[in-house]
Amino acid sequence: MKDLFRLVGKPGSPRRIRLNKVGSVAQLVLIVCTIKAAVHYFGLEKFEVNQLFSAMVASTVFLMGFLLSGVLTDFKESEKIPGEISTSLESLYLEIVAIRVYNSQAETAKYLEKLVEFGDCIVNWFYERAPESTLYGNYAETHLMIAEASAQIKGDASTLRGRLMADMALILQRVNRVQVIRDTDFVPLVYWMAYIAAALLVAGLVLAKSENLSASIFFLAVISFLVMLLLRLIDDIDNPFGFSDQDSAEDVSIQILIKTVERLRNSLFLLVSRDVPAQLPTL
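Quick look at the structure, then.

Calculation notes
Residues numbered from 1 in each chain as written. Predicted model: local features only at pLDDT ≥ 70, side-chain atom pairs only at ≥ 80, totals over all residues. Heavy atoms only, no water. Helix = DSSP H or I, 4+ residues; strand = E, 2+ residues; numbered from the N terminus. Rg over C-alpha atoms; globule rule 2.2 N^0.38 Å. Buried < 20%, exposed > 50% of the residue type's maximum accessible area, 1.4 Å probe, protein only. Contact = heavy atoms within 4.5 Å. Areas by Shrake-Rupley, 256 points an atom, 1.4 Å probe, with all protein chains shown as cover. Lys, Arg positive; Asp, Glu negative; His and termini not counted. Charge placed at Lys NZ, Arg CZ, Asp CG, Glu CD. Phe/Tyr/Trp six-rings, centres within 6.5 Å; stacked < 30°, edge-to-face > 60°. Axes fitted to C-alpha atoms, helices over the stretch in contact; angles between N-to-C directions. Left-handed = near helix turned anticlockwise from the far one by under 90°. Nonpolar A, V, L, I, M, F, W, Y, C, P; charged D, E, K, R; others polar.

1. Details of the overall build of the protein
Link 1 in the chain: Check the secondary structure of the protein and you find eleven helices and zero strands.
Link 2 in the chain: Across the protein, helices and strands are ordered from the amino to the carboxyl terminus as α-α-α-α-α-α-α-α-α-α-α.
Link 3 in the chain: Against the compact-globule benchmark of 19 Å for 283 residues, the protein has a radius of gyration of 27 Å, which places it well outside the compact range.
Link 4 in the chain: Considered along the principal axes of its C-alpha atoms, the protein spans approximately 90 × 45 × 30 Å.
Link 5 in the chain: Within the protein, the fraction of its 283 residues that count as buried is 39%.
Link 6 in the chain: Counting contacts in the protein only where the partners sit at least 6 residues apart, residues at least 24 apart contribute 75% of the total.
Link 7 in the chain: Here the protein displays about 15800 Å² of accessible surface, and carbon together with sulfur accounts for 63% of that area.
Link 8 in the chain: Of the side chains in the protein, 27 bear a positive and 31 a negative charge, and the two mean positions are spaced by 5 Å.

2. A few points about the packing of aromatic side chains
Link 1 in the chain: Inspection of every chain in the model, using the stated rule, returns eight aromatic pairs.
Link 2 in the chain: Pairing Phe126 with Phe241 gives two aromatic rings, centres 5.6 Å apart and planes at 40°, and the pair type is tilted. Remark: Phe241 occurs in the loop between helix H10 (213–237) and helix H11 (255–274) and Phe126 occurs in helix H6 (residues 109–126); sequence separation between them is 115 residues. You'll find Phe126 and Phe241 in the same group, each marked buried.

3. Here we look at the packing of helix H2 (residues 14–41) against H10
Link 1 in the chain: Across the interface, H2 lies against H10 with an axial gap of 9 Å and an inter-helix angle of 145°. Crossing angle aside, the handedness with which H2 passes H10 is right-handed. Residues Lys21, Val22, Ser24, Val25, Ala26, Leu28, Val29, Val32, Cys33, Lys36, Ala37 and His40 of H2 form the contact with H10, whose participating residues are Leu213, Ser216, Ile217, Leu220, Ala221, Ser224, Phe225, Met228, Leu229, Arg232 and Asp236.
Link 2 in the chain: Of the residues contributing to the contact of H2 with H10, the split by class is 15 nonpolar, four polar and four charged.

Listed below in structure tokens is the structure:
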């Protein structure tokens, strides 16, 4: 029983969601095959399978491939975003710690605390536990405090100040990119075409004349299952940051961001508890 639970996955886990999708598609395929058997029994099959029908299958597969290629492009780009945000957060932390090199009297703890708080806010925003307005408000506050921290640098350190502002700008750029991906569907008209083509293809297979009912149902089941499951997959991949969607399994991992924020929080705890210069996070 434990092995079965491990194989299926916990409720809400990506594996369980994937299996649920496969199961729901299988149920639809079973219904379609039942309709096919009824159509054959009552002699309602009207179409002869010919070269035009083969061309219809090929065009539907081509359209599915085009749609899948489009959403995969955004998905592969989205995979880079959590790592880039994590890099900028850790770079900001290290550079704020480095301010004490330029000014040994500088107080950096409150700026580091704000940076960790901002990292938590980003994670909550990814999971849609924090609204967009909260994130942008927190960003503005963090940006102001980073500017205050850079003002404590003594001497000619314009390069360090520039890096601090550049890292903040990069985070904002990546946050905006995530928001655009969330708000934008991949060419809705192409989606409509794909669903219409899939429906017509399945309908054509149901109404196609066949001498061998078993073979006809087999090919109908295989083609309709693959087409329907591919449509479900494309719909899921189209939003790679659908963490709050209980029906979404194909999401970009943000574990590196979560681990980075936790690592910076532990480093900050050492700073506050020991009242010594900030310890560098263990890489």
